[in-house]
Amino acid sequence: MDITDVQNINGQAIGAAAGGDHPDDILKAELELGRRLFMAGAPGQRILDSISFLNEKLHGGRLHVFLGFEAMVITLEHGAERRVAMCDYPMPIAMNANAIEVISRYLHSLPDGKAPVSVIHDLEKLPFMHHGNTVLTYAAIILFTVIFGYFNRADAFGLLIIGIAVLVAVLVRELVYHRGHGYYITVLATTLVATVTAALLSRLIPTSTPLISLIIPCVFIIPGFQLINGGWEILRNHLHIGIPRLMVFLNVLAIMTVGLLAVLLIYTPGTNNPAFTFPFLWVLTIDTILGGVTALCICTIMNAPDRAILVCFLCGAAGRFIRTNIVAAGGDIYLGVFCGTLVISVIALVCCSHWQLPVVLPLVAASLQFIPGYYIITSLQGMARIISMGQSVSYGVVASTISTGLLSLFIAVSIVMGTLLPLLIFSRDRQWY
């Protein structure tokens, strides 16, 4: 942790590294807690509430926290002194559910008046399970993307293409990232490899949904947790962290669009034809089960604890069940997503209160299946076609692009509102730690 500045009320510098002064130790403990939660991908409200709770336990005095996307500043008024400290941290590229859950359990068991130095030591020794490139993680990513392809009506051969392309893309992503390239370069390389692989396979494997097979292998790259967290922050008026989160999400989409268009300029797949056709009860059953399975895949990807698995499965299955019923009854997709995420949030609140789990885990795990990745990418593709064709563009391309873009926006807003409203209504006075 890099504490760059600690000052007293008179502006005289105080060395934070000395550690002998009790308020300095409290500041360092709170900064360390906030840093670890941010790096784990925790929502801003959980970070702020966790720091406030720790400050109460340590009797730190009056607290002010500025939570930014690149750094955090804490002001602590302890007695007659006013001290300020800051630490920076890297951008989280994934959510580490294990770290969030371990920190939550630690805070719930924290005794009153514990020494700040002991808290710092405990935080450094907490048994975090970091993201690993295991076979199980790869399998979860592939299964999640294949199911996402099924939800977007890819046919059987299309699902095969998606699975193979995702496997190749995941291996390339790990290779590029661990060679020291930045996050966005990794996104671009992964998109190109996934798209090129899918395009080549679609020439060899006879699929009736070539465009879906080309786009869906890139979906696992989309940082859905940044969209959900960013939407929550903005609705809670934490604009200094919410807007950057959304910008990361939009940056990734823009880079993915560049990679996709680089391939689509060379290879233009045919139109998609209807894929699987089942009776409604079969569709409802399959969708419900697969909705739960997608949540389990996300649990595996973000290292969720074992005791969160059942809750995540129930939330994912219930959300997809509601969404499928509403759409089948003639409702709009975004209405189905809103109602589905609303049910997910209510179930998560009830179950997490009973099992003392961070509610953000099932909310994110169960809601990511609704991320409108396919619609967003196709709308951006349509925008690029409009620019390239100029005034000769057809009305159908313009109308399709606008319709798909608005649908993507409404689905994204529905996810954020559906997951957040029950938290604001039923738990408005609750501290999230």
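Structure: above.
It should be emphasised that the depicted structure is a prediction, and the values quoted were computed from it without experimental measurement.

## Remarks on the packing of helix α9 (residues 224-235) against helix α14 (residues 360-367)
And step 1. Packing of α9 against α14 leaves a shortest axis separation of 10 Å and a crossing angle of 125 degrees. Of the possible angle classes, the one that applies to α9 and α14 is oblique. Between α9 and α14 lies a crossing of right-handed hand. Counted together, Phe225, Ile228 and Trp232 of α9 and Val360, Leu363, Val364 and Ser367 of α14 form the full contact between these two elements.
And step 2. Its residues assigned to classes, the contact of α9 with α14 comprises six nonpolar, one polar and no charged.

## Quick notes on the layout of surface pockets
And step 1. Computed from the structure, the second largest pocket encloses a volume of approximately 860 Å³.
And step 2. What lines the second largest pocket is a set of 31 residues, among which Tyr150, Phe151, Asn152, Arg153 and Arg323 lie closest to the centre.
And step 3. Broken down by element, the residue count for the lining of the second largest pocket peaks at five residues, all from helix α12 (residues 309-328).

## Details of the nonpolar core
And step 1. Of all hydrophobic cores here, the largest spans 116 residues; its most connected members are Leu33, Met72, Val119, Met256 and Val359.
And step 2. Per-element tally for this core: the top contributor is helix α5 (residues 135-151), with ten residues.
And step 3. Once residues lying within four places of it in the same chain are set aside, the contact partners of Met256 are Val187, Thr191, Cys218, Ile221, Ile222 and Ile377.

## A short note on the pattern of salt bridges
And step 1. In this structure the tally under the stated criterion is twelve salt bridges.
And step 2. Put simply, Asp25 and Lys28 hold a salt bridge, and the shortest N to O gap is 3.8 Å. One end of the pair, Asp25, and the other, Lys28, are both in helix α1 (residues 22-39), three residues apart, so they sit about a helical turn from each other. Per residue, the accessibility class of Asp25 equals that of Lys28, and both read buried.
And step 3. Of the charged contacts, one joins Arg173 and Glu174 as a salt bridge, the two residues approaching to 3.2 Å between their closest N and O atoms.
And step 4. One network of salt bridges, in which partners are shared, links Asp24, Glu81 and Arg83.

## What about α5?
And step 1. Across its 17 residues, α5 extends 24 Å between first and last C-alpha, which sits within 8% of the 24 Å expected from 1.5 Å per residue.
And step 2. Buried residues dominate α5, accounting for 13 of its 17 residues.
And step 3. Among the residues trailing α5, Arg153 stands out with phi positive, at a value near 70 degrees.

## Re the sheet that holds strand β3 (residues 81-88)
And step 1. Reading across the sheet, the three strands line up as β1-β2-β3 and stay open at both edges, with antiparallel pairing between neighbours. The two strands at the open ends of the sheet, each matched to only one other strand, are β1 (62-67) and β3. Shown here is a sheet whose adjacent strand axes are inclined to one another by a mean of 15 degrees, direction ignored.
And step 2. As defined by bridge partners, strand β2 (residues 71-78) adjoins β3 across eight bridges and the pair is classed as antiparallel. Looking at the pairing, His78 lines up with Glu81 of β3.
And step 3. Contacting β1, β2 and β3, α1 runs over the sheet at an angle of about 150 degrees to β2.
And step 4. Each of β1 and β2 is contacted by helix α2 (residues 44-57), which is oriented at about 155 degrees to β1, the strand it contacts most.

## Comments concerning the environment of Cys297
And step 1. Positionally, Cys297 belongs in helix α11 (residues 280-301).
And step 2. For the pair Cys297 and Gly61, spaced 236 residues apart in the sequence, the C-alpha separation amounts to 43 Å.
And step 3. Those residues in contact with Cys297 that sit more than four places away from it in its chain are Ala140, Leu143 and Phe144.

Calculation notes
- As a convention, each chain's residues are numbered from 1 in the sequence order in which they are written.
- In keeping with the model being predicted, local features are shown solely for residues with a pLDDT of at least 70 and side-chain atom pairs are shown and tallied solely at 80 or more, while totals for entire chains, interfaces and linings include all residues.
- In computing side-chain values, all of the structure's heavy atoms are included and hydrogens and water are not.
- Here an angle of 0 to 180 degrees is reported between the N-to-C directions of two axes, which are lines fitted to C-alpha atoms, with helices fitted over the stretch in contact.
- In this description a helix means any DSSP run of H or I spanning at least four residues, a strand means any run of E spanning at least two, and both kinds are numbered starting from the N terminus.
- The cut-offs work like this: below 35 degrees is roughly parallel, past 145 is roughly antiparallel, 65 to 115 is roughly perpendicular, and the gaps in between are oblique.
- In this scheme, a crossing is called left-handed if the near helix is turned counterclockwise away from the far one by less than a right angle; it is called right-handed if the turn is clockwise.
- Contacts are assigned to residue pairs with any non-hydrogen atoms lying within 4.5 Å of each other.
- Ten residues, namely Ala, Val, Leu, Ile, Met, Phe, Trp, Tyr, Cys and Pro, are considered nonpolar, four, namely Asp, Glu, Lys and Arg, are considered charged, and the remaining ones, Gly among them, are considered polar.
- With a 1 Å grid spanning the protein atoms alone, the term cavity applies to any set of points in which a 1.4 Å probe fits but cannot get out, the term pocket to an open set with protein on both sides within 12 Å along at least five of seven lines, and the term lining residue to any residue with an atom within 4 Å of a point.
- Grid points are joined across faces, edges and corners, and a volume is the space filled by probe spheres set on the points.
- Nine residue types can take part in a nonpolar core, namely buried Ala, Val, Leu, Ile, Met, Phe, Trp, Tyr and Cys, and a core is a set of them joined through side-chain atoms within 4.5 Å.
- Think of it in three bands: residues with accessible area under 20% of the maximum for their type are buried, residues over 50% are exposed, and the middle band is partly exposed, with areas taken using a 1.4 Å probe on protein chains only.
- Every case where a carboxyl oxygen of Asp or Glu lies within 4 Å of a side-chain nitrogen of Lys or Arg is listed as a salt bridge.
- How far a helix is expected to stretch is found by multiplying one less than its residue total by 1.5 Å.
- Pairing between two strands is assigned when DSSP locates at least 2 bridges connecting them.

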